[in-house]
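Overview (structure and organization)
Listed below, chain by chain, are the residues.
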Amino acid sequence: MCREEASALSSLKPQLEELGVPLVAVVKEDIGTEIRDFRPHFAGDIYIDEQKHFYGPVQRRMGGLGFIRLGVWQNFMRAWRSGYQGNLNGEGFVLGGVFVIGPAEQGILLEHREKEFGDKVDTADVLEAVKKIVPVK
């Protein structure tokens, strides 16, 4: 389901470039062809954080019981109907998120932490937050 969100965020790339803001993904692992398979869905730079420092001192996880949640299945079906397929490689229980981070003291302007698998950020909210970034002179 992260490929679906990556594609949606990548659709903002022209506006982000116009505003001088890079599009970046931080992933926790690269098993097999995982990043190569992700690349067609994401238009920005991809960094690997194998130590998971970016994921915080306490990683947010959704265990196997997450698969009995109705919202997870609805998100899965939405992504599948849109033509997105994931993989079952690696550690898949750490929840992700989307952040818009401004320079220097500006800090985090938008923080969307997945509540369950496939919980996507609203791209309009991302663009609104990006427009609040004040460039460092």
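A quick note: this is a predicted structure, and the numbers were derived from the prediction, not measured. Sequence order sets the numbering: in each chain, residues are counted from 1 along the sequence as written. Since the coordinates come from a predicted model, pLDDT governs what is reported: local features require at least 70, and pairs of side-chain atoms require 80 or more to be given and counted, while whole-chain, interface and lining totals use all residues. In computing side-chain values, all of the structure's heavy atoms are included and hydrogens and water are not.

A few words on the packing of aromatic side chains. Two rings from Phe, Tyr or Trp (for Trp, the six-membered ring) form a pair when their centres sit within 6.5 Å of each other. Planes less than 30 degrees apart are called stacked, planes more than 60 degrees apart edge-to-face, and all others tilted. Taken as a whole, this structure holds one aromatic pair when the rule is applied. A centroid spacing of 5.8 Å and a plane angle of 15° characterise the contact between Phe38 and Phe42, whose relative ring orientation is stacked. The burial state of Phe38 is the same as that of Phe42; both residues are buried. With a 1.4 Å probe rolled over the protein chains alone, any residue whose accessible area is under 20% of its type maximum counts as buried; one over 50% counts as exposed, and the rest are partly exposed.

Moving on: the nonpolar core. Membership of the largest hydrophobic core comes to 21 residues, with the highest contact counts inside it found for Leu9, Phe42, Ile46, Val100, Leu110 and Val126. By definition in these notes, contact holds between two residues if any of their heavy atoms fall within 4.5 Å. Other than its neighbours up to four places away in sequence, Leu110 contacts Val98, Phe99, Val100, Val121, Asp125, Val126 and Ala129. Take the buried residues of types Ala, Val, Leu, Ile, Met, Phe, Trp, Tyr and Cys, join any two whose side-chain atoms come within 4.5 Å, and each joined set is a nonpolar core.

Only residues whose relative accessible area exceeds 30% and that form no salt bridge are eligible for patches; like-charged ones are grouped when within 9 Å, while nonpolar side chains (Val, Leu, Ile, Met, Phe, Trp, Tyr) are grouped when within 5 Å. For every accessible area listed, the method is Shrake-Rupley and the probe measures 1.4 Å; residues are considered covered only by the protein chains on display. Salt bridge criterion: a side-chain nitrogen from Lys or Arg within 4 Å of a carboxyl oxygen from Asp or Glu. Among the surface-exposed residues, Phe54, Ile101 and Ile108 lie close enough to one another that they form a single nonpolar patch of about 300 Å² accessible area. Secondary structure is summarised from DSSP: a helix means a run of H or I of at least four residues, a strand means a run of E of at least two, and numbering begins at the N terminus for each. Following the sequence through the fold, Ile101 ends up in strand β3 (residues 97–102).

Where charged atoms from two side chains of opposite charge come close, those side chains can pair. For the coordinates displayed, the defined rule picks out three salt bridges. Between Glu29 and Lys28 there is a salt bridge whose closest N-O contact spans 4.0 Å. Comparing Glu29 with Lys28, the two get one shared label, buried. A salt bridge links Glu111 to Arg113; the shortest N-O distance between them is 2.4 Å. Classification of Arg113 as partly exposed rests on a relative accessible area of 38%.

Regarding helix α5 (residues 123–130), the residues found buried are Val126, Leu127, Ala129 and Val130. Seen along its axis, α5 keeps its buried residues to an arc of 160°; they face one direction. Those residues of α5 hidden inside the fold are in contact with α1 (2–10), α2 (13–18), β3 and β4 (107–113). Whenever a nitrogen or oxygen atom comes within 3.5 Å of another N or O atom, the pair is scored as a polar contact, on the condition that within protein one atom can donate a hydrogen and the other can accept it, and that pairs from neighbouring residues in sequence are kept only if both atoms are in side chains. One side-chain oxygen at the N-terminal end of α5 lies 2.8 Å from the backbone nitrogen of Ala124; it belongs to Asp122. Arc definition: it is the arc formed by the directions from the helix axis to the C-beta atoms.

Moving on to the pairing of β3. Residues Val98, Val100 and Gly102 line the buried face of β3, whereas the alternating positions Gly97, Phe99 and Ile101 sit on a face that is not buried. With six bridges joining them, β3 and β4 adopt antiparallel strand pairing. Its bridge partner being in β4, Val100 is matched across the sheet by Leu110. Taken together, β3 and the strand that follows it, β4, pair antiparallel across an intervening segment of four residues, in which Ala104 is found at a positive phi of about 50°. For two strands to pair, DSSP has to find at least two bridges joining them.

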